[in-house]
Amino acid sequence: MRTSPAGPRWPFRFAGIDRHLQDGVPLYTVWRDVYDVRLKAAWRSFAAAAASPRVAEILEIPPGAPVLLREGLNLDEDGSPTVYIHRSCRSDRVRFVANYLQTD
């Protein structure tokens, strides 16, 4: 499931974004390259949950099946909330990778 822009400034700050989201261009690439917005993660949450009927249909699993719910908030360089993340992942396709090497 996709990320959702956060905050009341969304319709104005990213006006016309739909025309840039063609041919599979990632949303974060458009924000960076078109709107000069660089995002950083503020927090992330991971929890076990049961798939709602809507999530189950999208993920092609039975309603109530276990899913991993990932939520979070991204901030722009000014510290303004920009993206609230609410994603459901199939529990049979989850993989965690932790990279502790710092890259600049």
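Residues numbered from 1 in each chain as written. Predicted model: local features only at pLDDT ≥ 70, side-chain atom pairs only at ≥ 80, totals over all residues. Heavy atoms only, no water.

1. Re the overall build of the chain
The following threshold applies: In this text, helices come from DSSP runs of H or I with a minimum length of four residues, and strands from runs of E with a minimum of two, each type numbered from the N-terminal end. Note on classification: 1.4 Å probe, protein chains only; a residue is buried when its accessible area is under 20% of the maximum for its type, exposed when over 50%, partly exposed between these limits. Note on contacts: a residue pair qualifies if any of its non-hydrogen atoms lie within 4.5 Å across the two residues.
The helix and strand tally for the chain stands at 3 helices and 4 strands. Going from the N terminus to the C terminus, the chain shows its helices and strands as β-α-α-β-α-β-β. Residues classed as buried in the chain amount to 28% of the 104 residues present. Here the contacts in the chain between residues at least 6 apart in sequence split such that 52% fall between residues at least 24 apart.

2. Notes on the side chain of Arg-90
Our working definition: Think of a polar contact as two N or O atoms within 3.5 Å of one another; within protein, one of them needs to be a possible hydrogen donor and the other a possible acceptor, and neighboring residues in sequence only count if both atoms come from side chains.
By secondary structure assignment, the location of Arg-90 is in strand 4 (residues 81–90). The exposure class assigned to Arg-90 is buried, which follows from its relative accessible area of 16%. There is a polar contact of 2.8 Å between the side chain of Arg-90 and the side chain of Asp-92. Dropping the residues within four chain positions of it, Arg-90 is found in contact with Leu-59, Glu-60 and Ile-61.

3. Digging into the environment of His-86
With respect to the helices, strands and loops of the structure, His-86 is situated in strand 4. Looking at His-86, the relative accessible area reads 37%, which means it is partly exposed. Measuring from C-alpha to C-alpha, the distance between His-86 and Glu-71 comes to 4.5 Å, with 15 residues separating the pair along the chain. Polar contacts involving the side chain of His-86 include one to the side chain of Glu-71, which spans 3.1 Å.

4. Remarks on the nonpolar core
Here is a general trend for soluble globular proteins: nonpolar side chains tend to be buried in one another's company. Note the cut-off: As used here, the term nonpolar core means buried Ala, Val, Leu, Ile, Met, Phe, Trp, Tyr and Cys residues forming a set that is joined through side-chain atoms within 4.5 Å.
Ranked by size, the top nonpolar core spans 9 residues in total: Phe-14, Ile-17, Leu-27, Val-30, Trp-31, Tyr-35, Val-37, Val-83 and Ile-85. If you list the elements that add at least two residues to this core, you get helix 2 (27–35) and strand 4. The biggest single contributor to this core is helix 2, with 4 residues. Core analysis: the second largest hydrophobic core is formed by 7 residues, Ala-51, Leu-59, Ile-61 and Ala-65 among them.

5. Brief notes about the pairing of strand 4
To keep it simple, the criterion reads: Strands pair, by our definition, only if DSSP identifies at least two bridges between them.
Strand direction decides the pairing type here: strand 3 (residues 66–75) and strand 4, joined by 9 bridges, are antiparallel. Note that in strand 4 the partner of Leu-68 across the bridge is Cys-89. In sequence, strand 3 turns back onto strand 4 through a hairpin of 5 residues, with Gly-79 there showing a positive phi of about 85°.

6. Structural notes on the environment of Tyr-28
Relative to the assigned elements, Tyr-28 resides in helix 2. Engagement of the side chain of Tyr-28 in a polar contact is seen with the side chain of Asn-74, the distance being 3.0 Å.

7. Some points on the confidence of the model for the chain
Under the convention used in this document: What pLDDT reports is the predictor's confidence in each residue, on a scale of 0 through 100.
Considering every residue of the chain, the mean pLDDT works out to 86; 88% of them sit at 70 or more. Averaged pLDDT values for the elements of the chain fall to 51 in strand 1 (residues 4–5) and rise to 97 in helix 3 (residues 53–59).

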